[in-house]
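# Per-entry structural report
Each chain, written out:
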Amino acid sequence: MNRANLTRKDLAKAINEQMGFSQRSAADLVDIVFDRLKTTLLAEEPIKLVQFGTFNVRRKSPRQGRNPRTGDPMEITKRSMISFRPSKIVRERINRK
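A brief report on the enclosed structure follows.

Conventions adopted
- Residues numbered from 1 in each chain as written.
- Predicted model: local features only at pLDDT ≥ 70, side-chain atom pairs only at ≥ 80, totals over all residues.
- Heavy atoms only, no water.
- Helix = DSSP H or I, 4+ residues; strand = E, 2+ residues; numbered from the N terminus.
- Rg over C-alpha atoms; globule rule 2.2 N^0.38 Å.
- Buried < 20%, exposed > 50% of the residue type's maximum accessible area, 1.4 Å probe, protein only.
- Salt bridge = Lys/Arg side-chain N within 4 Å of Asp/Glu carboxyl O.
- Phe/Tyr/Trp six-rings, centres within 6.5 Å; stacked < 30°, edge-to-face > 60°.
- Axes fitted to C-alpha atoms, helices over the stretch in contact; angles between N-to-C directions.
- Parallel < 35°, antiparallel > 145°, perpendicular 65-115°, else oblique.
- Left-handed = near helix turned anticlockwise from the far one by under 90°.
- Contact = heavy atoms within 4.5 Å.
- Nonpolar A, V, L, I, M, F, W, Y, C, P; charged D, E, K, R; others polar.

### Things to note about the overall build of the protein chain
Helices and strands together make up the secondary structure of the protein chain, namely three helices and five strands. Beginning at the N terminus, the succession of helices and strands in the protein chain can be written as α-α-β-β-β-β-β-α. Scaling as 2.2 N^0.38, a compact globule of 97 residues should have a C-alpha radius of gyration of about 13 Å, whereas the protein chain reaches 19 Å, well beyond that. Reported as C-alpha extents along the three principal axes, the dimensions of the protein chain are approximately 55 × 35 × 30 Å. Taken across its 97 residues, the protein chain has 13% of its residues classed as buried.

### Observations concerning the pattern of salt bridges
Tallying each qualifying case throughout the model produces three salt bridges. Residue aspartate 31 is joined to arginine 8 by a salt bridge in which the shortest nitrogen-to-oxygen separation is 3.4 Å. Placement of aspartate 31 in helix H2 (residues 23–42) and of arginine 8 in helix H1 (residues 8–19) is noted, with a sequence separation of 23 residues between them. The class of arginine 8 is partly exposed, set by a relative accessible area of 43%. Its salt-bridge partner being glutamate 44, residue arginine 59 comes within 2.8 Å of it at the nearest N-O pair. Of this pair, arginine 59 sits in strand E2 (residues 53–60) while glutamate 44 sits in the loop between H2 and strand E1 (47–49); the two residues are 15 residues apart in sequence, bridging distant segments of the chain.

### Some words on the packing of aromatic side chains
Counting across every chain of the model gives two aromatic pairs. With a centroid separation of 5.3 Å and 45 degrees between ring planes, the pair formed by phenylalanine 52 and phenylalanine 84 is classed as tilted. In this pair, phenylalanine 52 is assigned in the loop between E1 and E2 and phenylalanine 84 in strand E5 (residues 79–86), connecting sequence segments 32 residues apart. Judged by its relative accessible area of 40%, phenylalanine 52 falls in the partly exposed class. Exposure remark for phenylalanine 84: the relative accessible area of 36% places this residue in the partly exposed category. Put simply, the rings of Phe52, Phe55 and Phe84 touch in pairs and so form one group of aromatic residues.

### Here we look at the packing of H1 against H2
At a minimum axis distance of 8 Å, the contact between H1 and H2 shows a crossing angle of 125 degrees. Taken together, the axis directions place H1 and H2 in an arrangement best described as oblique. Read as a crossing pair, H1 and H2 show a hand that is right-handed. Packed against H1, whose contacting residues are Arg8, Leu11, Ala12, Ile15 and Asn16, the element H2 presents Gln23, Ala26, Ala27, Leu29, Val30, Asp31 and Phe34 at the interface. Grouping the constituent residues of the contact of H1 with H2 by class yields eight nonpolar, two polar and two charged.

What follows is the structure, given as structure tokens:
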């Protein structure tokens, strides 16, 4: 696959082709997986996918920053963000290229 983005439709198509699920069932399966991932992250629980990596929710404290347009100081509000740490296997394969 030589595209810029991997979409839900691409995932459903791969499940359909490789496992023989109907298009509708494959799409439902992809939606169920993403719904579970989203629910877990919203509960601020980590997601560990063996041989792929770990997703964590990190809390960022408020801090002073600068408006890039004007250079004026401004406060960047506290927020949560998702971080991803690839597994050793994925990291090694990416760095091999």
